Amino acid sequence: MGGDRIEGVSFSLWDAVRLGVDYIKRRRDRAIINVASVALGIAFLTTLLFTDSFYRVHTATGGASLRVEAYQYWLMIVAIVVSVVGITNAMLIAVYERYKEIGTMKCLGALDRHVLMLFLVEAFIQGVAGGLLGFLMGIGGALLSTGFTVGFGVIFKVPALETLTVLVGSMILSTVLSVVATIYPALRAARLDPVEALSYEL
Amino acid sequence: MSFDIIIQLEDLARHYEMGGVTIKALDGVDIEINRGEYLSIVGPSGSGKTTLFNMIGGLDRPTRGRVYIDGVDISQLDAYELAWLRCRKIGYIFQTFNLIQVLTAVENVALPTVFAGVPRDEGLERAEKLLTSVGLGERIHHRPTELSAGQQQRVAIARAMANDPAIILADEPTGNLDLNTGMEIIDLLHGLNKTRGMTLIAATHDTKMIKASDRIVWMRDGKIERIERG
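Keep in mind the model is a prediction, meaning the values are calculated, not measured.

This brings us to the interface of chain A and chain B. In this assembly, 23 residues from chain A lie in contact with 26 residues from chain B. Within the residue set of the side of chain A that touches chain B, elements represented by two or more residues are α1 (13-26), α4 (99-107) and α7 (194-198) of chain A. A class-by-class count of the residues in the side of chain A that touches chain B yields 11 nonpolar, 5 polar and 7 charged.

Right, here's the structure in full:
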């Protein structure tokens, strides 16, 4: 084309991370809603897991036999579904808010998959943050709900490996939930017709 | 095709179906635009200006006819190649500036260089130079909300030039600006057209902008009504 060859456009994962962090920093409210949403679901899960650990430690050290009821796990699943729906909703709103910016980015050379990547990276970061926060809230919740019966010192008797497993598991699950919840909104954003996106008035 | 022709439109048409009615946004447009030319496109709203822009900018596909840019029929390009075209060959300027709100002025200007694969430091350096050249050297770290309308449009102009495109498409660039600020923007665009030899195509109602141009294309009902020398 006029001497120069048609090459591609580029947008690395690192570029997406940098821009994603900017979006999270500047649109903090939306990010907080998403992080809180996934954190609550994860907190519910880790509360139950730690309650279970605490009871086992308590029983093993000669205390009365206590256990987590099955219905509590059902409640946890409901909490997680609610958090996924919450994130999807918040991300859909984020897509609408950014219609014009998405159109503009496509004018500047962004491909569909770059837009997709941008939204998924944001979801990933929020998922990791939500997992960590949810884990901490979960330990707190379990201590508060069981500490008075089994004693607060129980936390130091849970094997480190078990705690670590729950931490890693929480982070992975929350990241997966956050990313899964964002797939639909992100696909919508990526497939936006630039002409339509540019003429959109919020 | 002569090498001096950068854009050639052949019987270009774009029809939409809307509620069972066919709307002819463009209906057979033929024109050749020279490299380095300053072209104003004038016409009532709904006359097809924006659709014409979208066609030249590779944002929309024609129902009929051809768009050649530098001799390449852009309807033959795939999504990847079109993105490249938008990124490297064309700079867009909008009535509403369309800056990315979360990014600073210098980051906004550097954004097209990211897509062009320019290393980050080099892109930011280039962006800083461009912002200085449009008179915003002191405000490179401001965000769009901290800039006046005229300053935002300057940032948008710097961004449009980031990859040194051959063509600048400006859709009502002074439409949201007061008279004096609009004049400054017109002077700036005109200067870029003359000093850098960028082909400038502007849709406008602004008589000052029209007066500065080499040719004026009058559009009506999706067709070129007449072409005047400026």
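Continuing now.
Attention now goes to the pairing of strand β10 (residues 223-229) of chain B. Consecutive side chains along a regular strand alternate between the two faces of the sheet. Residues and elements named next belong to chain B. Bridging between strand β9 (residues 215-220) and β10 involves 6 bridges; their strand directions are antiparallel. Pairing of valine 217 across the sheet is with isoleucine 227, part of β10. Where β9 folds back onto β10 in an antiparallel hairpin, the turn is made up of 2 residues, including aspartate 221, whose phi is positive at roughly 50°.

The next point concerns the environment of asparagine 108 of chain B. Its place among the elements puts asparagine 108 of chain B in helix α3 (residues 105-115). Residues asparagine 108 of chain B and alanine 156 of chain B, spaced 48 residues apart in sequence, show a C-alpha to C-alpha distance of 8.0 Å.

This part covers the pairing of strand β8 (residues 199-203) of chain B. Residue and element names in this part refer to chain B. Most of β8 is tucked away, with 5 of its 5 residues classed as buried. Alternating positions in β8 separate into two faces, Thr199, Ile201 and Ala203 on one and Leu200 and Ala202 on the other, with burial throughout. Of the pairings in the sheet, the one linking strand β3 (residues 38-42) to β8 comprises 4 bridges and is parallel in character. Residue pairing across strands places leucine 39 opposite isoleucine 201, the latter belonging to β8. Across 5 bridges, strand β7 (residues 167-171) lies against β8 in parallel orientation. Bridge pairing in β8 places leucine 169 opposite isoleucine 201. Crossover β7 to β8 through helix α6 (residues 179-196) is right-handed.

So, on to the confidence of the model for chain B. The share of residues in chain B with pLDDT of 70 or more is 99%, and the mean pLDDT across the chain is 93. Reported confidence for the predicted complex is 0.89 by ipTM and 0.88 by pTM.

Okay, the sheet that holds strand β5 (residues 72-73) of chain B next. Residues and elements named next belong to chain B. With respect to topology, 4 strands assemble into an open sheet ordered β2-β1-β4-β5, the strand pairing being antiparallel. Pairing within the sheet leaves two strands with one partner each, and these edge strands are β2 (21-34) and β5. In terms of strand pairing, strand β1 (residues 5-18) meets strand β4 (residues 64-69) through 5 bridges, oriented antiparallel. Along β4, the bridge assignment pairs glutamate 10 with arginine 66.

About the criteria used
Residues numbered from 1 in each chain as written. Chains lettered and ligands numbered in written order. Predicted model: local features only at pLDDT ≥ 70, side-chain atom pairs only at ≥ 80, totals over all residues. Contact = placed C-beta atoms within 7 Å. Helix = DSSP H or I, 4+ residues; strand = E, 2+ residues; numbered from the N terminus. Nonpolar A, V, L, I, M, F, W, Y, C, P; charged D, E, K, R; others polar. Pairing = 2+ DSSP bridges. Buried ≥ 20, exposed ≤ 12 C-beta atoms within 10 Å, placed from the backbone. Right-handed = clockwise from strand over helix to strand, strands pointing away. pLDDT = per-residue confidence, 0-100.

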